[in-house]
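Commentary on secondary and tertiary structure
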Amino acid sequence: CALVVPLTATADQAEQDRIVERLERLEEGGSTSWTGGAPVFESPDGEHQFKVRGRLHNDAWVTRGTEDGEGDIAGTHNRRARLGIDGVAYDDFAYRLEGDFVGGSLAVRDMTLQYRGFGPWELTFGNKYLDQSFDGRTGSNFSEFMERGIIIGGTRPEAGSRPLGLTADVGGDNWHWSIAALGDAVDGSSDTSDDLSFVSRAHYAPIHSDDRVVHLGAWGYYEDLGETRDIELSSRIANPFNDVTRVESGVFPDVGSAASYGAEIAGVWGPLSATAEYMGKRFDSDESGVSPTVDGYLVSLGYFVTGETRAYAGRRGTWTRVTPENPVTEGGPGAIQLVARAETANYDDNDIPGTDVDALTAGVNWHLVSHVRLMLNATYFDTAGSQDDSGYHVGTRVQVDW
Amino acid sequence: CALVVPLTATADQAEQDRIVERLERLEEGGSTSWTGGAPVFESPDGEHQFKVRGRLHNDAWVTRGTEDGEGDIAGTHNRRARLGIDGVAYDDFAYRLEGDFVGGSLAVRDMTLQYRGFGPWELTFGNKYLDQSFDGRTGSNFSEFMERGIIIGGTRPEAGSRPLGLTADVGGDNWHWSIAALGDAVDGSSDTSDDLSFVSRAHYAPIHSDDRVVHLGAWGYYEDLGETRDIELSSRIANPFNDVTRVESGVFPDVGSAASYGAEIAGVWGPLSATAEYMGKRFDSDESGVSPTVDGYLVSLGYFVTGETRAYAGRRGTWTRVTPENPVTEGGPGAIQLVARAETANYDDNDIPGTDVDALTAGVNWHLVSHVRLMLNATYFDTAGSQDDSGYHVGTRVQVDW
Amino acid sequence: CALVVPLTATADQAEQDRIVERLERLEEGGSTSWTGGAPVFESPDGEHQFKVRGRLHNDAWVTRGTEDGEGDIAGTHNRRARLGIDGVAYDDFAYRLEGDFVGGSLAVRDMTLQYRGFGPWELTFGNKYLDQSFDGRTGSNFSEFMERGIIIGGTRPEAGSRPLGLTADVGGDNWHWSIAALGDAVDGSSDTSDDLSFVSRAHYAPIHSDDRVVHLGAWGYYEDLGETRDIELSSRIANPFNDVTRVESGVFPDVGSAASYGAEIAGVWGPLSATAEYMGKRFDSDESGVSPTVDGYLVSLGYFVTGETRAYAGRRGTWTRVTPENPVTEGGPGAIQLVARAETANYDDNDIPGTDVDALTAGVNWHLVSHVRLMLNATYFDTAGSQDDSGYHVGTRVQVDW
């Protein structure tokens with residue numbers, strides 16, 4: 001009997017050595033993690049990472065009650081269909097490339113190489129989403145309304161929301177500061193010099209616990225247009241499917257540069273959340289001598305009837321992903337949030353007549369699971385000034401991201 | 001000797017515990033499966049899945065014998081170059097996003113979120129390929145001919161083959177029923193209301209065994225165009241590279257709505273397969289008082305000289321992937337299928353003169369392996385009515401999908 | 001004591017059997033390898049492979065000193081933003097599909113199915129980058145200058161650098177020969193026949209060791225344009241952001257066919273490398289009777305101050321990836337290469353007046369890690385002939401690939 005035992009044990013040992021060899025081969029492949037949707041691949045040393053990312057926002061909208069009836073249209077609309085990749089090479093280099101099927105064709109969105117090895121700073125080369133306003137900077141997967149505030153569109157730089165350039169970021173658990181020097185959008189012309197903008201935003205959260213947040217922030221930018229141009233603002237009102245219902249400025253002649261600025265406050269108190277923002281933009285012209293200004297504000301409230309707390313990204317100063325406590329796939333109700341927003345966008349300037357708009361939006365956000373959300377928005381709007389209109393938009397969204 | 005044994009065994013046990021820990025870490029990454037081409041990633045609980053998908057169809061075509069010689073052109077043509085992803089989140093939510101490099105630029109194709117948790121129903125939000133006709137619904141990777149029947153293009157809704165909307169599907173091993181309410185294509189205009197269509201298809205396979213199938217199906221749709229428009233059908237004949245050889249209707253004036261309908265039968269008997277379809281479309285106008293109609297049929301036969309049986313998707317009512325019994329990579333001949341098709345498309349209406357076309361196609365499909373196929377098609381066509389033409393197309397395709 | 005031992009060993013054995021089962025399940029997923037950036041997935045039998053690939057080249061350019069000042073522009077520019085996949089199915093079938101966000105929208109690049117089972121030959125169906133010139137064929141991730149030589153653009157076929165067709169390749173460690181029959185680019189028109197070109201290139205490296213290379217190569221093509229057309233060459237000079245500074249030919253009338261040819265020599269000697277190329281193109285017209293010709297050369301030198309040796313791809317006859325001996329992520333300086341180039345492009349023909357250009361470029365390539373590179377280029381150019389201009393371009397690039 002004692003003779004048999006060692007033989008068995010010896011056999012085990014040889015097999016165990018083979019097992020360890022096989023384990024090592026498998027471990028050379030690195031590891032995979034799942035965060036709800038798509039896998040994240042990581043090399044064995046943790047230095048390299050790779051992920052396919054994307055989002056899908058499919059909307060349906062109906063408008064009624066416009067004064068001449070021309071804006072009373074209805075239809076389906078793909079708001080976002082993004083596909084891209086996120087990678088990290090040698091720990092310090094993060095790259096991202098993503099496009100969006102806008103109007104049916106894949107147009108570029110983020111396109112960046114980030115270097116994380118320069119002390120506390122993150123240096124990002126390429127075109128990333130502009131750091132401008134709390135609502136403006138919150139990712140579209142996490143926005144509380146189907147569309148951002150109207151005035152956010154009105155205060156974007158001429159080069160758009162993703163100019164190509166260099167951004168430097170620094171921050172901690174409850175603050176950040178970013179500065180950027182940016183040129184034109186990627187599809188800008190190549191026979192004149194780029195616009196040049198300098199953009200900065202900072203925030204600080206004096207309170208930032210699990211269920212309490214107070215957020216304070218400010219931002220601004222200056223853009224030099226290189227060559228003067230006439231500028232006429234024209235923004236859709238809450239409903240991106242409807243090209244008819246718009247708020248428009250007059251023509252600002254011979255604009256050579258512009259400056260924009262904003263202040264933001266936000267807070268979370270258990271299931272309650274609130275934001276308030278003011279922002280404006282001044283268009284300067286040496287030639288015409290006038291400096292027309294647009295401005296506006298937005299105030300929003302949110303309440304989770306299912307008890308969740310609004311997730312806040314302390315390093316970015318924005319809302320972030322809501323994770324339901326009881327997702328529908330586990331028989332729960334998901335996370336249901338009621339939201340309301342009042343906003344104004346004043347494109348009417350004393351010197352140059354345009355339109356002002358007031359809008360009230362009520363909405364429901366139903367997060368079935370962490371990565372799937374249904375949205376319902378109803379907006380009443382009223383424009384005054386060079387155009388006079390009012391009406392109702394009702395919209396729904398089916399959203400998934402990965 | 002007996003003293004040595006326990007020590008060795010104890011060492012094994014500690015090592016084994018470490019091995020189990022390492023196994024557990026690896027198992028947290030989930031599993032990967034390979035179905036011939038690209039990997040499918042799955043989370044450890046099986047609730048999440050992810051896959052990159054695509055297809056490549058590269059063609060070369062030559063046309064000869066057209067009456068005035070203008071259509072006698074030759075060249076290469078990329079028919080499809082698709083890239084996209086397929087994912088499942090939390091078991092019940094399936095998402096898909098895919099584009100096609102048509103004319104050199106990536107245009108959107110499927111773009112859907114599907115919910116599978118609503119009893120036996122699958123609810124799909126977004127734009128998926130329309131459920132219309134046996135040949136029309138069979139995926140292009142599995143079609144028996146390089147191009148679908150001509151009349152299938154002629155009976156598509158005005159909003160195209162992938163309008164944005166909501167589809168509900170229910171079905172079993174040998175039947176399905178789908179209903180859809182659909183708006184415009186994703187690149188539709190945003191200053192008028194969408195078209196609105198209601199589409200339905202059902203099929204039943206009274207016989208459905210490994211080598212015998214009898215398939216019966218029917219479908220129809222009604223579309224309300226919102227605003228009336230003049231419609232003129234113009235379809236390429238069997239060869240998508242050739243813009244010159246076409247079948248065209250006259251101008252149908254002030255069309256406000258349309259209805260389309262079709263019946264389908266298909267069968268498999270060992271290596272033999274056959275299909276027959278009839279379909280038509282009526283264009284209605286309150287203003288002009290005429291209701292022009294187009295219609296056509298197609299009949300096809302297939303025979304595997306290498307003995308395979310035509311694969312049939314019982315839940316969808318379409319052909320599906322052919323897997324060679326002896327692929328070329330294992331020294332076999334692959335799967336070789338001979339096919340023939342007779343078809344007609346009548347765009348000539350008594351009230352509004354147009355063109356009718358008859359076409360005969362013979363082809364060879366050589367499946368080298370399950371995901372790679374070579375195709376050869378030869379078509380003789382003859383048009384009559386407002387244009388009079390005839391001629392030959394010969395085309396080849398190199399196809400891979402993943 | 002001896003009684004305890006067998007029990008422990010038995011327990012081990014059962015657990016070990018379970019461990020082996022779990023190992024086997026994991027091994028069914030295949031393996032993953034990491035080459036610096038993105039993972040490569042492989043099936044357990046090694047027959048299938050899959051990888052997401054891409055590159056990002058973000059540039060900033062400034063031009064000064066042009067004669068009338070119109071070309072003195074500055075700005076940022078996305079030169080390349082590529083995303084695609086590489087796959088292998090059943091060992092013998094390799095597929096690739098890749099697009100580039102040019103001007104903001106994803107346009108197709110490589111789109112091929114390759115068959116590797118035909119003896120020593122690789123047969124590639126689809127549109128791949130043309131095998132033409134040492135500098136022309138070297139991938140943009142590995143080029144020593146931000147832009148290829150000017151004359152390379154001038155000698156491209158009318159169908160562009162990636163026509164759709166069939167390429168056959170054969171080669172060994174230090175030689176290759178390719179022949180291709182090609183039609184139009186994928187976005188070519190479909191109402192006339194394609195251009196038809198025959199392209200061939202061969203190289204031989206009589207010396208090819210770790211730190212010594214002598215490369216000799218030659219290439220040529222003939223293209224039949226099908227229908228005659230007027231051709232006017234217009235190439236940007238070293239700076240792809242600047243549409244103003246260009247070298248242009250006169251109008252070559254009624255061109256029916258063309259032929260291009262080139263000879264190449266390159267060498268590596270430790271940290272030193274050098275290339276020299278001459279190439280030309282003749283445009284033939286039966287109607288006009290004249291055969292205008294353009295030609296040019298380029299000579300380049302490179303030196304690694306950090307001691308690396310220029311990597312050379314012996315099977316392709318091009319430069320390939322530089323791997324720093326001491327990457328910055330390990331505290332080293334990375335690989336730093338100084339480069340210089342003299343070049344000329346003569347678009348001025350005796351019969352048809354145009355412009356000639358001479359250009360001198362100095363540059364620094366800083367490979368931080370194997371997949372991240374910073375580039376700095378300064379070019380002085382001088383044009384003569386029908387236009388008279390000169391000036392300086394200074395450009396920088398931030399580059400990552402995966």
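Coordinates for the structure precede this section.
Residues numbered from 1 in each chain as written. Chains lettered and ligands numbered in written order. Predicted model: local features only at pLDDT ≥ 70, side-chain atom pairs only at ≥ 80, totals over all residues. Heavy atoms only, no water.

**Quick word on the overall build of chain A**
Spelled out, the test is: To qualify as a helix, a DSSP run of H or I must reach at least 4 residues; to qualify as a strand, a run of E must reach at least 2; elements of each kind are numbered from the N terminus. Buried means the residue's accessible area, taken with a 1.4 Å probe over protein chains only, is under 20% of the maximum for its type, while exposed means over 50%, and partly exposed covers the values in between. Contacts are assigned to residue pairs that have any heavy atoms within 4.5 Å of one another.
Tallying secondary structure elements over chain A gives three helices and 20 strands in all. Summarising its shape, the C-alpha atoms of chain A cover approximately 105 × 50 × 45 Å along the three principal directions. Counting every position in chain A, which comprises 402 residues, the buried fraction comes to 57%. For chain A, the proportion of contacts with a sequence separation of at least 24, taken over those separated by at least 6, is 60%.

**Describing the interface of chain C and chain B**
Note: interface size is frequently given as the accessible area lost on complex formation between the parts. As a reminder of what qualifies: When two components associate, each loses some accessible surface as probed by a 1.4 Å sphere; the sum of these losses over both components is called the buried area. In what follows, salt bridge is the name for a side-chain nitrogen of Lys or Arg lying within 4 Å of a carboxyl oxygen of Asp or Glu. Counting of polar contacts relies on pairs of N or O atoms within 3.5 Å, with two restrictions inside protein: one atom must be capable of donating a hydrogen and the other of accepting it, and residues adjacent in sequence are counted only when both atoms are side-chain atoms. The residue classification treats Ala, Val, Leu, Ile, Met, Phe, Trp, Tyr, Cys and Pro as nonpolar and Asp, Glu, Lys and Arg as charged. All others, Gly included, are polar.
Counting residues at the interface gives 51 residues for chain C and 54 residues for chain B. Summing the contributions of chain C and of chain B, the shared interface buries around 4,100 Å²; its carbon and sulfur component is 70%. Considering only the side of chain C, the residues that lose the most area to chain B are C:Arg22, C:Tyr90 and C:Ser190, jointly responsible for 15% of the buried surface there. There are one salt bridge connecting chain C and chain B. B:Glu27 serves as the salt-bridge partner of C:Arg22, at 2.8 Å between the closest nitrogen and oxygen. Applying the counting rule to chain C against chain B returns twelve residue pairs in polar contact (both at pLDDT 80 or more). Listing elements by their share of the side of chain C that touches chain B, those giving two or more residues are α1 (4–27), β2 (39–42), β3 (49–64), β4 (74–89), β5 (93–102), β6 (105–118) and β7 (121–127) of chain C. Per-element tally for the side of chain C that touches chain B: the top contributor is α1(C), with eight residues. For the side of chain C that touches chain B, the class distribution of residues is 23 nonpolar, 16 polar and twelve charged.

**Digging into the relation of the copies chain B and chain A**
Test applied: Copies are brought into register by a least-squares superposition over C-alpha atoms of residues with pLDDT of at least 70 in both.
Turning chain B through 120° and shifting it by 0.0 Å along the axis lays it on chain A, with an RMSD of 0.1 Å. In short, the pair behaves as if placed about a three-fold rotation axis. Minimal C-alpha separation from the rotation axis in chain B is found for B:Leu106, amounting to 3.3 Å. Counting the interface residues of chain B, we find that no more than 20% of their copies in chain A are interface residues as well, pointing to two distinct contact surfaces.

**Some words on the environment of C:Gly29**
Looking at the secondary structure, you find C:Gly29 in the loop between α1 and β1 (31–34). Note on C:Gly29: relative accessible area 11%, which makes it buried.

**Things to note about the relation of the copies chain C and chain B**
For the match of chain C to chain B, the screw axis carries a shift of 0.0 Å, the RMSD comes to 0.0 Å, and the turn is 120°. An overlap of only 20% is found between the interface residues of chain C and their copies at the interface of chain B, pointing to separate contact surfaces.

**Things to note about the pattern of salt bridges**
Under the counting rule described, the total for this entry stands at 81 salt bridges over all chains. Measuring nitrogen to oxygen at the nearest pair gives 3.1 Å for the salt bridge that ties C:Asp86 to C:Arg53. Note that C:Asp86 is positioned in strand β4 and C:Arg53 in strand β3, a separation of 33 residues in sequence. Here C:Arg53 falls in the buried class, since its relative accessible area comes to 14%. Residues participating in the shared-partner salt-bridge network are A:Arg53, A:Asp86, A:Arg96, A:Glu98, A:Asp110 and A:Arg162.

**Re the packing of aromatic side chains**
Defined as follows: Aromatic pairing here means that ring centres of Phe, Tyr or Trp (its six-membered ring) are within 6.5 Å. Orientation follows from the plane angle: under 30 degrees is stacked, over 60 is edge-to-face, and everything else is tilted.
Under the counting rule described, the total for this entry stands at 24 aromatic pairs over all chains. A ring pair is formed by B:Phe134 and B:Trp319, whose centres lie 5.0 Å apart and whose planes are at 90°; its orientation type is edge-to-face. In this pair, B:Phe134 is assigned in helix α2 (residues 134–137) and B:Trp319 in strand β18 (residues 318–319), connecting sequence segments 185 residues apart. One exposure class covers both B:Phe134 and B:Trp319, and it is buried. For the ring pair C:Phe252 and C:Phe283, a centre distance of 4.9 Å and an interplane angle of 45° mean the geometry is tilted.

**Some thoughts on the pairing of strand β20 (residues 389–401) of chain A**
Residues and elements named next belong to chain A. The condition is simple: Strand pairing is defined by DSSP finding a minimum of two bridges between the two strands.
Among the 13 residues that make up β20, ten are buried, leaving the element largely enclosed by the rest of the structure. Pairing of strand β3 (residues 49–64) with β20, which is carried by ten bridges, proceeds in the antiparallel orientation. Residue pairing in the sheet places Asp59 in a bridge with Arg397 of β20. In this structure, strand β19 (residues 372–385) lies alongside β20, joined through twelve bridges in antiparallel fashion.

**Details of the interface of chain B and chain A**
With 51 residues of chain B at the contact, the number on the chain A side is 54 residues. Buried area between chain B and chain A, both sides added, is near 4,100 Å², and the carbon and sulfur share of it is 70%. If you sort the residues of chain B by the area they bury against chain A, B:Arg22, B:Tyr90 and B:Ser190 come out on top, with a joint share of 15%. At the boundary of chain B and chain A, one finds one salt bridge. Summed over the shared surface of chain B and chain A, the number is twelve residue pairs in polar contact (both at pLDDT 80 or more). Mapped onto the side of chain B that touches chain A, the elements with two or more residues apiece are α1 (4–27), β2 (39–42), β3 (49–64), β4 (74–89), β5 (93–102), β6 (105–118) and β7 (121–127) of chain B. Counting residues per element, the side of chain B that touches chain A draws most heavily on α1(B), which supplies nine residues. Counted by class, the side of chain B that touches chain A contains 22 nonpolar, 17 polar and twelve charged residues.

**Looking at the environment of C:Arg79**
All names here are of chain C. Here Arg79 shows up in strand β4. Taking C-alpha positions, Arg79 is 23 Å from Ser390, a pair spaced 311 residues apart along the chain. When near neighbours in sequence (up to four residues on either side) are disregarded, Arg79 contacts His57, Asp59, Asp100, Glu147, Pro240 and Arg397.

**What about unusual backbone geometry?**
You will see that A:Ala238, though not glycine, has its phi angle at about 70°, which is positive. On the secondary structure map, A:Ala238 appears in the loop between β11 (212–236) and β12 (246–269). A residue is classified by how much of its surface remains accessible, and A:Ala238, at 9% relative accessible area, is buried. Phi at C:Asp254 takes a positive value of approximately 50°, unusual for a residue other than glycine. Tracing the backbone shows C:Asp254 in strand β14 (residues 252–269).

**Description of a nonpolar patch on the surface**
Residue and element names in this part refer to chain C. Applied cut-off: Candidates for patches are residues over 30% relative accessible area with no salt bridge; among them, like charges are joined within 9 Å and nonpolar side chains (Val, Leu, Ile, Met, Phe, Trp, Tyr) within 5 Å. Surface exposure here means Shrake-Rupley accessible area, sampled with a 1.4 Å probe, where a residue is shielded only by the protein chains that are shown.
There is a patch of nonpolar side chains on the surface, built from Trp269, Leu272, Tyr303, Val305, Leu338, Val364, Leu376 and Val394 and spanning about 690 Å² of accessible area. Take Leu272: it is sitting in strand β15 (residues 272–284). Leu272 gets classed as partly exposed once you look at its relative accessible area, which sits at 37%.

**A closer look at the side chain of A:Lys128**
Residue and element names in this part refer to chain A. Along the chain, Lys128 falls in the loop between β7 (121–127) and α2 (134–137). In terms of polar contacts, Lys128 uses its side chain to reach the side chain of Asp169, at 3.4 Å. What Lys128 contacts, discounting residues up to four positions off in sequence, is Asp110, Thr112, Arg137, Ser161, Arg162, Pro163, Thr167 and Asp169.

**A few points about the environment of A:Ile152**
Residues and elements named next belong to chain A. Relative to the elements of secondary structure, Ile152 occurs in helix α3 (residues 150–154). Exposure remark for Ile152: the relative accessible area of 2% places this residue in the buried category. Along the primary structure Ile152 and Ile207 are separated by 55 residues, whereas in three dimensions their C-alpha atoms are 26 Å apart. Ignoring anything within four residues of it in the chain, the contact list for Ile152 reads Gln132, Ser133, Asp135, Gly136, Met279 and Leu298.

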